[in-house]
Amino acid sequence: MPENAAEVTAAGIARLAGVGRAAVSNWRRRHADFPKPVGGTDTSPAFALAEVEQWLRDQGKLAEVPLRERVWQRAEAHPAGAATALRQAGAVLLLVRDDPGAWRHPEPDALARAARELLERRFGGRFPLGAPVDPALLRGAAGLAAELGPRQAYEFLLGRHLDANPRQYTLTPAAPAELMAALAGPARSVLDPACGTGTLLRAAEAPHEVRGQEADPDLAALAALRLALHADPAAEVEVAAGDSLREDAFPGLAADAVLCHPPFNERNWGHEDLAYDPRWEYGFPARTESELAWVQHCLARVRDGGTVVLLMPPAAASRRSGRRVRADLLRRGALRAVIALPAGAAPPYGIPLHLWVLRRPRDGAPPSPHLLLVDTAQAQGGAAPGGEKVPWQTVRATVLDAWTAFDRHGAAGPGADRPGVSRALPVIDLLDDDVDLAPARHLPPPAAGAGASELTDVRDLLTATLRRTCELAPEPARSAPPARWPLTTVGELARAGALVLRAGGQGSSGPGGGPAVLTEHDVLAGTGPTGTLPEGPREDVPVLVEEGDVVVPVLGRGAAARVVDAATAGAALGRNLHLLRPDPAAVDPWFLAGFLRGTANNRQASSYASTATRLDVRRLQVPRLPPADQRRYGERFRTLAVFEETLRLAGQLGEQLVQGLYDGLTDGTVRPE
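Because the structure is predicted, anything quoted here is derived from the model rather than measured.

In this section: the overall build of the protein chain. Helix and strand counts for the protein chain come out as 23 helices and 23 strands. Looking at the 673 residues of the protein chain, the share that counts as buried comes to 48%. In the protein chain, 72% of the contacts between residues at least 6 apart in sequence involve partners at least 24 apart. Approximately 31,600 Å² of the protein chain is accessible, and the part contributed by carbon and sulfur atoms is 50%.

Shown next, in the form of structure tokens:
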């Protein structure tokens, strides 16, 4: 094989053939003609992609692989790396978008030559095509453009590259990017000086001029192609490679809006080299305040009256080393709002990040006397554990309602001042020794000021709920000796056609298209579906749940099963979940769900072969009972489910009452007597 031949790992072979890695290992053992490793290590060998494809084709194992998977495999195995491959594929996709008829049946040499000329023409030679050129990749990209469309084809390939290298890139999720773009409003020209993959610029509202800069040259090239494919063909797209603080590519720019997710906590941002830089209008940032350097860089590249929106770490609002810069931003009216997002909004996911909204002051205009503070964590009751669930519709509505009212009418705007959620605070009240701008420090919790009357309502509801739990509580004293039923398994029921067994697919807590996703957390917590399907083309069709389905978590969570109700029907089934769709004439769903929750049943069907206990759903057992007996047990299990939900509600009301009393007593709205 030539030295630059494309190579593929066992995992890549498995994706090509649509099988698991164990199947690839079996092929290597059982077939003497399976291609021999050409590189890698003993534990992770690499194989020549051409040889593997030919072997799979000869064995009839390649025919069903989708075109997009084959194209991604070529890109992933490119000798010069996936970033170069995506540059080549992106250039072809731009060609197809601009002139689809000319590249319906492309000649490899002509396609490569045209792609090279396009990159030179569109980006001034900053992002060359790279070598070697893979003709199969170019032809595949042209075919994928015809199948998915040029833009969606590139989004798919770029998404696969980012998913394969999660530790290499810090990405801005689509939901906070769209919120930041909405805060900035419509703009003819937009800049992102730390653009990454171009997510913030892609979220902007159809600008005519798009400018971006990224320190990583490969990432800058990928962002340039992504934005060129996303923007209107008449729009002007320019992306430069380099460090914006040290090597500003747009020194004379005065954009309408700047969106930025700067790198956090950088000590080597240029403190020694940039001491006398004219961008520091609001004070020279300390070495530990790289984020305040980015704030001032963004303000220096926006026109008078233009808007800047940055995603910031919460420490930037309160560190003492940055108090002088924060104070001057307030005094001159540049900083207009600080918005606390829930934990889980963007990486690092364990930290509740902030959005800063700034306006470059106009000459002669009086500075704004107020700063808007918004705490969305309080507005939506806090993020779920680990930041798994962020209700973006609620967060977005809360932020935009408060900002729109404040931006139009100042502190007097209706909706700008909501107890515990948003408040327009006089700037003079913030100019103390700390200049602490963290919203949580200045917004009382929503429970404060609720008063004894509202707490009485909570107590009455709790009393009624506890009374209901007493009515629903089972009577264990009437238990009988253990029954000796004939048993069957879920696997046997599936083979007999009494039920359909399906596994869940991909879903996330970020934005996406299509139906909501019922996640493992939703099933365990008894909530509605809160996940979403990822954007772009998917390799698998999502499994949609129907009323009467039984959903079972399979990963180390103990006995759990849930019958899908009308409100949840239509959601997509998330990962680590299995769906059992019983034939109502053969199996009662509540009877099935109830017996699946038995502790002994789950123990005998669980695997302890790894550090995480995994449930083998097919091994779960249910009794063979006539339909009438099934319905009798099913009705009892249904009442137990109602009892369980009532207990959950009682716990929530109890916590609300206790915390409300603590808050009321400590702020004086509730008296000890």
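As a further point, take the pairing of strand 8 (residues 302-312). Within strand 8, nine of the eleven residues are buried, leaving the element largely enclosed by the surrounding structure. With helix 12 (residues 290-300) bridging strand 7 (residues 255-260) and its parallel neighbour strand 8, the resulting β-α-β unit is right-handed.

In the structure shown here, the tally under the stated rule is 34 salt bridges. Note that D277 and R279 form a salt bridge whose closest N and O atoms lie 2.8 Å from each other. Across the pair R360 and E281 runs a salt bridge, and its minimum N-O distance is 3.1 Å. With R360 in the loop between strand 10 (354-359) and strand 11 (370-375) and E281 in the loop between strand 7 and helix 12, this pair connects stretches of sequence that are 79 residues apart. Owing to a relative accessible area of 18%, R360 belongs among the buried residues under this scheme. Of the residues examined, E281 reaches a relative accessible area of 31% and is grouped as partly exposed. Members of the salt-bridge network, linked through shared partners, are E281, D304, D328, R332 and R360.

Sheet architecture is open: three strands sit in the order 16-15-19, paired in mixed fashion. The open sheet terminates on both sides in strands that have one partner only, identified here as strand 16 (531-532) and strand 19 (572-573). Of the strand pairs in this sheet, strand 15 (residues 516-518) and strand 16 are connected by two bridges, and their pairing is antiparallel. The residue of strand 16 that forms the bridge with V517 is G531.

We now examine unusual backbone geometry. The residue after A131, namely P132, is reached through a cis peptide bond having omega -5°. Locating P132 in the fold gives a position in the loop between helix 6 (108-123) and helix 7 (135-148). At the junction of P347 and P348, the peptide bond is cis and its omega measures out at -5° in the coordinates. Within the secondary structure, P348 sits in the loop between strand 9 (335-340) and strand 10. Phi is positive for N265, close to 55°, though the residue is something other than glycine. Mapped onto the secondary structure, N265 falls in the loop between strand 7 and helix 12. Unusually for a residue other than glycine, N576 sits at a positive phi of about 65°. With respect to the helices and strands, N576 occurs in the loop between strand 19 and strand 20 (577-582).

This part takes up the sheet that holds strand 1 (residues 7-9). Read across the sheet, three strands follow the order 1-3-2 without closing on themselves; strand pairing throughout is antiparallel. Each of the sheet's edge strands pairs with one partner strand only, and the pair in question is strand 1 and strand 2 (39-40). With two bridges connecting them, strand 2 and strand 3 (residues 45-48) associate as antiparallel partners. From the neighbouring strand, G39 faces strand 3, where its bridge partner is A46. The strands touched by helix 3 (residues 49-58) within the sheet are strand 1 and strand 3, with strand 3 carrying the most contacts at an inclination of about 75°.

Time to look at the packing of helix 5 (residues 82-98) against helix 11 (residues 217-230). The contact between helix 5 and helix 11 brings their axes to 10 Å, and the two run at 20°. Looking at the two axes, helix 5 sits roughly parallel to helix 11. Like other packed secondary-structure pairs, helix 5 and helix 11 cross with a definite hand, here left-handed. Residues A83, L86, R87, G90, A91, L93, L94 and R97 of helix 5 pack against D218, A221, L222, L225, A228 and L229 of helix 11. Partitioned by chemical class, the residues of the contact of helix 5 with helix 11 number ten nonpolar, one polar and three charged.

So, on to the state of the cysteines. For the structure on display, the rule yields zero disulfides. This cysteine, C298, is not joined by any disulfide, and C260 carries the nearest cysteine sulfur, 4.2 Å off. The exposure class assigned to C298 is buried, which follows from its relative accessible area of 0%.

With that settled, consider helix 13 (residues 323-331). Turning to helix 13, its buried residues number three or more, namely V325, R326, A327, D328, L329 and L330. Buried residues in helix 13 make contact with helix 12, strand 9, strand 10, strand 11 and helix 16 (427-430).

It is the contact of helix 5 with helix 7, at a shortest axis distance of 9 Å, that shows an interaxial angle of 45°. For the element pair helix 5 / helix 7, the angle class is oblique. As for the relative orientation of helix 5 and helix 7, their crossing is right-handed in sense. Two secondary-structure elements touch here, helix 5 through A85, Q88, A89, V92, L93 and V96 and helix 7 through L137, L138, A141, A142 and A145. For the contact of helix 5 with helix 7, the per-class residue count stands at ten nonpolar, one polar and no charged.

What follows deals with the packing of aromatic side chains. This model, assessed by the stated rule, comprises 13 aromatic pairs. Considering the side-chain rings of Y633 and F637, the 6.5 Å spacing of their centres and the 35° angle between planes classify their relative orientation as tilted. Of the two residues, Y633 and F637 are both situated in helix 23 (residues 627-667); the distance of four residues between them amounts to about one turn of the helix. Given the relative accessible area of 27%, Y633 is considered partly exposed. An aromatic cluster is present here, built from W485, F591, F595, Y633 and F637 joined pairwise through their rings.

Cut-offs applied
- Residues numbered from 1 in each chain as written.
- Predicted model: local features only at pLDDT ≥ 70, side-chain atom pairs only at ≥ 80, totals over all residues.
- Heavy atoms only, no water.
- Helix = DSSP H or I, 4+ residues; strand = E, 2+ residues; numbered from the N terminus.
- Buried < 20%, exposed > 50% of the residue type's maximum accessible area, 1.4 Å probe, protein only.
- Contact = heavy atoms within 4.5 Å.
- Areas by Shrake-Rupley, 256 points an atom, 1.4 Å probe, with all protein chains shown as cover.
- Right-handed = clockwise from strand over helix to strand, strands pointing away.
- Salt bridge = Lys/Arg side-chain N within 4 Å of Asp/Glu carboxyl O.
- Pairing = 2+ DSSP bridges.
- Axes fitted to C-alpha atoms, helices over the stretch in contact; angles between N-to-C directions.
- Parallel < 35°, antiparallel > 145°, perpendicular 65-115°, else oblique.
- Left-handed = near helix turned anticlockwise from the far one by under 90°.
- Nonpolar A, V, L, I, M, F, W, Y, C, P; charged D, E, K, R; others polar.
- Disulfide = S-S within 2.5 Å.
- Phe/Tyr/Trp six-rings, centres within 6.5 Å; stacked < 30°, edge-to-face > 60°.

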